[in-house]
Amino acid sequence: MRILLVEDDLEQLEPLQGILSEAGYIVDAAEDGEIAQWLISQKDYDLLIVDWMLPTINGLSLCRQYRLSGKNAPVLMLTAKDTTADKVMGLDAGADDYLVKPADLVELLARVRALGRRVPNWQGYSLRIADLQFHLAELSVERSQVKVELSPREGQLLEYLMRHPNQVLTRNQIEDALWEYGMEPESNALTVLIRKLRQRLQLLGAGDWIRTVYGMGYRLNPQE
Amino acid sequence: MFNRSRRNLATWFTLTMGSILIMFAAGVYYWEVIDKLEELDRLLYKKTSLMAANVKSEMHNGQRQLNLEYVPFLGSMVQPLLDSQLVYASWYNEQKQLVQFFGTIPSDRLLISGGFDTIKTDSKVWLRQVTLPVYQNGLLIGYLQAAMPMTTTESALAEFRMVLAISAPITLAVIALTGWWLGGLAMQPIRHSYDHLQRFTADASHELRSPLTAIISNAQYGFLSKSTDLEMQRQRFQKIFEIAKSMSILVNNLLFLARYQGKLPTESLQVIDLNNLLVQITDDYATQPDAQHLGLVCKLPNNNITVLGDADLLRQIIINLLNNACKYTPNGGQVKLQLFTQSHWAVIQVIDNGIGIPEADLPYIFERFYRVDKKRSRQTGGFGLGLAIAQQIVQSHGGKITIKSIFKEGTTLQIYLPLK
């Protein structure tokens, strides 16, 4: 799941970004409203976490403009404004959830998961292809009662592949989906990641599910 | 909330002023009734005395004889008065027995001995009746009784009641409107200070929550993270420590602002030689890293200037102002600390040729948590409380603080303290 995190205080931004990345999300961070708006125009996000008080464009107008542009990913407003009137204003501006600072990171993660369930192509807590089941919250893959844990990165790759089964995905497409905005992956980073994931799946007897399509990219091809 | 208080104020105002108005109207009406009645009585009295003056009593053969022939209404030798409104008139002899009458048939005996009465007839008309004992040469010769209808008086009073009935509600409405307007006027300063407090609370809660959030998030991230990188952990502790330190400064500042409201108690004041104080401050401050990149000049007068005050507080605000001046003055600039007197004031000036303050920000510059550029001052570690504190300290000394600034050219801060 790709998240846009908008927070102007670096000291708050870093731990948030850290915990979300460790939980397996791809997190793009923006320090002010304008950057956030530009990122939104460049990429499709599955979730937005927005601070209210931001330089240039504040979180409220950012939220309104996002809704006006017709996009419908859930928005979580994370702010120090705590009166009922503030909450009403925030939710009316188009936010789907409202969390008052200082927020518990565990609660934040739970809310992110809860909002994530509303994303149309999300199927509950797990993704399934043939007899392979991927538990998103635990980052574990299961097949015939055998369970394997994945690293956040491997999880992101598997999630992306499972969302586009039987489809040839170019290296560019995968890199675009998996790496944070502005991060240029090293030339062999994806190859290494694919190899690691294959090794994990090997333990479940599904190592050859990820096919390399020469000259084009990769394809997740479950064997019945 | 304000509208409810305003409504309350207007209601009470209307009720009070309305009751006063109604009492006043009732009083005016009462006097009008008395006045009208007196007028009627005077008229009635005039008529009856005119009649009484025409009664002649003569002695005939040792016997007194009464001649009523020339009395208007009663006698036949005189024309009745034209515009008279008398309903009846009767003459009783000195034994109070009826002798002669005009109009309605009166009773045979006079039951009262004199004075004015208000009576109601069978036809529901109110009458004012007078009974006059008539004397001649000091001898009672009889009683004259006459009555007039009160219709004109009544209609005049009815008209007056009508005027009151129309004007009182209109005045009441005007009072209510005035009350509403006055209520609004009275609410204005309250609303203003409420808004001010709201803004302050919002700012303070934001300023306190931001570092709290950063501390909590960093700490929680620390123990939730699966990373075993020790250097990362150390950095996280370092960050938490720094945020907590800056937060403690903020809390101190806020407590300071809360503590020094109003004037300083006289026993805590001491005589301060400002020349000495400023020399000390400049010497100390010149070694600070903030002041290294620019020229710090102190210009003092030849004579010593003394004020009554708290030396520590004054030192703190001058250092505060110097900090600001140095922070916002680029390399090679100059900061000047100057002291002089102006009538009854000792004036301390802090002048810099730094980046200045935009004109739009100047009116708010002494407000708590006001920052010209939030991002910039966050990087330099400011909370926007320095000038608010300076102002409060100067005011607690009975002085004032002013600012002049031209954007991109420099700022002059002036502290006025009353001379000893």
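Residues numbered from 1 in each chain as written. Chains lettered and ligands numbered in written order. Predicted model: local features only at pLDDT ≥ 70, side-chain atom pairs only at ≥ 80, totals over all residues. Heavy atoms only, no water.

Peer 1: I'd like to hear about the interface of chain B and chain A, residue by residue, with values.
Peer 2: On the chain A side, the residues contacting the 19 residues of chain B number 21 residues. Each partner contributes to the roughly 1,800 Å² buried at the junction of chain B and chain A, and carbon and sulfur atoms together form 56% of this total. At the surface where chain B touches chain A, the tally comes to two salt bridges. Two residues, E14(A) and K239(B), come together in a salt bridge whose shortest N-O distance is 2.1 Å. Between chain B and chain A we count ten residue pairs in polar contact (both at pLDDT 80 or more) in total. Those elements that place two or more of their residues in the side of chain B that touches chain A are α2 (151–224), α3 (230–259) and α7 (374–379) of chain B. At twelve residues, α2(B) tops the list of elements feeding residues into the side of chain B that touches chain A. Class assignment for the residues of the side of chain B that touches chain A results in six nonpolar, eight polar and five charged. (Contact = heavy atoms within 4.5 Å. Buried area = accessible area lost by both parts, 1.4 Å probe. Salt bridge = Lys/Arg side-chain N within 4 Å of Asp/Glu carboxyl O. Polar contact = N/O pair within 3.5 Å; in protein donor to acceptor, adjacent residues only side chain to side chain. Helix = DSSP H or I, 4+ residues; strand = E, 2+ residues; numbered from the N terminus. Nonpolar A, V, L, I, M, F, W, Y, C, P; charged D, E, K, R; others polar.)

Peer 1: Before we move on, could you go through α3(B) and cite the residues and values that matter?
Peer 2: Counted at 1.5 Å a residue, the expected span for α3(B) with its 30 residues is 44 Å, and the 43 Å between its end C-alpha atoms agrees. Of all the residues in α3(B), the buried ones are R236(B), I240(B), I243(B), M247(B), L250(B), N253(B), L254(B), F256(B) and L257(B). Close packing links the buried residues of α3(B) with α1 (10–22) of chain A together with α2, α6 (311–327) and α8 (386–396) of chain B. (Expected span 1.5 Å × (residues − 1). Buried < 20%, exposed > 50% of the residue type's maximum accessible area, 1.4 Å probe, protein only.)

Peer 1: Give me the pattern of salt bridges: which residues, what numbers.
Peer 2: All names here are of chain A. Tallied over the full model, the rule gives 18 salt bridges over all chains. Residue D28 pairs with R2 through a salt bridge whose shortest N-O separation is 3.3 Å. Of the two residues, D28 is situated in strand β2 (residues 26–30) and R2 in strand β1 (residues 2–6); the sequence distance between them amounts to 26 residues. Comparing D28 with R2, the two get one shared label, buried. We note a salt bridge from E7 to K101, for which the minimum N-O separation is 2.7 Å. Linking E7 in the loop between β1 and α1 with K101 in the loop between β5 (97–100) and α5 (105–116), this pair joins segments that are 94 residues apart in sequence. Comparing E7 with K101 shows no difference in burial state: the two are buried. When salt bridges with common partners are traced through the structure, they connect E7, D51 and K101 into a single cluster.

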